[in-house]
Amino acid sequence: QVQLVESGGGLVQAGGSLRLSCAASGRTFDNYAMAWFRQAPGKEREFVAAIVWSGVRTTYRDSVKGRFTISGDSAKNTVYLQLNSLKPEDTAVYYCAAQQRGSSGYNYWGQGTQVTVSS
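One structure accompanies this document, and this report is about it. Keep in mind that this is a model prediction, so the values were computed, not measured. The numbers attached to residues start from 1 for each chain and follow its sequence in the written order. Given that the model is predicted, a residue must reach a pLDDT of at least 70 before its local features are reported, and side-chain atom pairs must reach 80 or more before they are shown or counted; all residues, however, enter totals for whole chains, interfaces and linings. The side-chain figures draw on all heavy atoms in the structure; neither hydrogens nor water molecules are used.

## Quick look at the environment of Trp 109
This is how the line gets drawn: By the criteria applied, helices consist of DSSP H or I runs no shorter than four residues and strands consist of E runs no shorter than two, each listed in order from the N terminus. Residue exposure (1.4 Å probe, protein chains only): buried if accessible area is under 20% of the type maximum, exposed if over 50%, otherwise partly exposed. Any two residues whose heavy atoms approach within 4.5 Å at even a single point are treated as in contact.
Within the element layout of this structure, Trp 109 appears in strand 10 (residues 108-109). On the accessibility criterion, Trp 109 (35% relative accessible area) is partly exposed. Along the backbone, Trp 109 and Pro 88 are 21 residues apart, and their C-alpha atoms lie at a distance of 24 Å. Other than its neighbours up to four places away in sequence, Trp 109 contacts Leu 4, Phe 37, Arg 45, Tyr 95, Cys 96 and Ala 97.

## Some details on the nonpolar core
Worth spelling out the cut-off: We call a set of buried Ala, Val, Leu, Ile, Met, Phe, Trp, Tyr and Cys residues a nonpolar core when their side-chain atoms join them within 4.5 Å.
Residues Leu 4, Met 34, Trp 36, Leu 81 and Tyr 94 are the most contacted members of the largest nonpolar core, which totals 28 residues. When contributions to this core are tallied by element, the ones reaching two or more residues are strand 1 (2-7), strand 3 (18-26), strand 4 (31-39), strand 5 (46-52), strand 7 (68-73), strand 8 (78-83), strand 9 (92-100) and strand 11 (113-118).

## Side note on unusual backbone geometry
A positive phi angle, near 55°, is found at Asn 77, a position not held by glycine. As for its placement among the helices and strands, Asn 77 is situated in the loop between strand 7 and strand 8. Not every positive phi belongs to a glycine, and Ser 85 is a case in point at roughly 50°. Tracing the backbone through its elements, the reader meets Ser 85 in the loop between strand 8 and strand 9.

Here's what the structure looks like:
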């Protein structure tokens, strides 16, 4: 089992910045990748960014490229999401997820942290 705890959400004005953190504990040595997803009210959960620990490969959804940066500290089992130039449409609950080796999808999810961007 892996436990994920997000923090860092809040209310920010458009153009502002936030830094989300996700601390993983438990069976973290099997973690292959970690990612951030988000879900806005009335919408489906969507992929935001991911990082693969081996090689530190990152991927992003198009709408956040150049504004968001995912990074990780494997020694601390923590992944971060730096959110810059925030827009009202970035308002959502942001979830951290972990994918274990040999899995095709994300096996574990955090409880989410709210990000609200005011115009």
